[in-house]
Structures are given as structure tokens and as C-alpha cells.
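# Structure assessment
Read off the chains here:
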Amino acid sequence: MSAVSQTVGALADLVPGTARKVEVAGISVSLVRIDDDVYAIGDRCSHANVSLSDGEVDEGDCTLECPKHGSTFDLRTAPGSGTVVRVGLPLEVVGTGDE
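Values in this document were obtained by computation on a predicted structure and should not be read as measured data. Counting of residues starts from 1 at the beginning of each chain's written sequence and follows it residue by residue. In keeping with the model being predicted, local features are shown solely for residues with a pLDDT of at least 70 and side-chain atom pairs are shown and tallied solely at 80 or more, while totals for entire chains, interfaces and linings include all residues. Computation of side-chain values: all heavy atoms of the structure, hydrogens and water removed.

### Regarding the nonpolar core
Stated formally: Residues belong to a common nonpolar core when they are buried Ala, Val, Leu, Ile, Met, Phe, Trp, Tyr or Cys residues joined through side-chain atoms within 4.5 Å. Residue burial is assigned from relative accessible area. The probe radius is 1.4 Å, only protein chains are included, and a residue is buried under 20% of its type maximum, exposed over 50%, and partly exposed in between. A helix here means a DSSP run of H or I that spans at least four residues, while a strand means a run of E at least two residues long, and both kinds are numbered starting from the N terminus. Throughout, a residue-residue contact means that at least one pair of heavy atoms, one from each residue, lies within 4.5 Å.
With 14 residues, the main nonpolar core has Val-32, Ile-34, Leu-52, Val-57, Leu-64, Cys-66 and Leu-75 as its most contacted residues. When contributions to this core are tallied by element, the ones reaching two or more residues are β2 (27-34) and β3 (37-42). When residues no more than four places from it in sequence are discounted, the contact partners of Ile-34 are Tyr-39, Val-57, Asp-58, Glu-59, Cys-62 and Leu-75. Listed in part, the 7 residues of the second largest apolar core include Leu-11, Leu-14, Leu-31 and Val-38.

Rendered as C-alpha cells:
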């Protein structure tokens, strides 16, 4: 897969401790901000048509929880601690402040 460059919004629009669903090259992606770090993970749970961006973010463990099954996904490494395994997506945050 080739690299895709797409602006999805300003860093200031991503509230720390939350996930937000965006579309990148036709793929639903959950963006999660923890402090000034931003993580990207595929948005759909493989068990059901459930948006992971609706799940709970644990800032201390750097995880995102599936709202339906409770499986957690380590945003730093991408594999889930439950039965679902997701592949993390490369992400580059460009700009500073409100850019």
C-alpha cells in the first residue's frame, strides 16, 4: 500500500482522551489523542459493524476499548488484548498549535 497524505483536521480539534472517526482514502479510521500524541487505528471492530471511535480511551494504558465487546487495543502496538487484532496505521501529524 502506498502512502496517503490527507488533511483530516487541526490538532486542536482532537480533544485529549477521546477518539474521533475520520475517513482517509475511503477507509474509516479512529484518531485518538493522548496528550499531544495522536494515534490512528482502523475504526471497525471485526466482530460486528461497530465503530471503535465510540469506545472508551484509557489514557494511562494508551488503549481504545471496543464499545460492544470490551476488547482493548494498544494504540502504541495495535494488537488487541482481547480476541480481535487490528493493524495500526502509520500517521504523521503535520503542523503545530491550531494548524
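Text resumes after the structure shown.
### Topic: the sheet that holds β3
Quick note on the threshold: Paired strands are those between which DSSP finds at least two bridges. Only the stretch in contact is used when fitting a helix axis, every axis being a line fitted to C-alpha atoms; angles between N-to-C directions are given from 0 to 180 degrees.
Sheet architecture is open: 3 strands sit in the order β1-β2-β3, paired in antiparallel fashion. With one partner strand each, in any of the chains shown, β1 (18-24) and β3 form the two edges of the open sheet. When the angles between neighbouring strand axes are averaged without regard to direction, this sheet yields 30°. Bridging between β1 and β2 involves 7 bridges; their strand directions are antiparallel.

### A word on a negative patch on the surface
Stated precisely, the cut-off is as follows: Within the patch definition used here, like charges are joined within 9 Å and nonpolar side chains (Val, Leu, Ile, Met, Phe, Trp, Tyr) within 5 Å, considering only residues with over 30% relative accessible area and no salt bridge. Shrake-Rupley sampling with a 1.4 Å probe provides the accessible areas, and residues are treated as covered by the protein chains on show and by no other component. Think of a salt bridge as a Lys or Arg side-chain nitrogen and an Asp or Glu carboxyl oxygen that are within 4 Å of each other. Here the positive residues are Lys and Arg and the negative ones are Asp and Glu; neither His nor the chain ends is included. Here the site of a charge means atom NZ of a Lys, CZ of an Arg, CG of an Asp or CD of a Glu.
Residues Asp-35, Asp-37, Glu-56, Asp-58, Glu-59, Asp-61 and Glu-65 make up a contiguous surface patch of negative charge. Position of Glu-59 relative to the elements: it lies in the loop between β4 (57-58) and β5 (63-65). Residue class for Glu-59 comes out partly exposed when judged on its relative accessible area of 40%.

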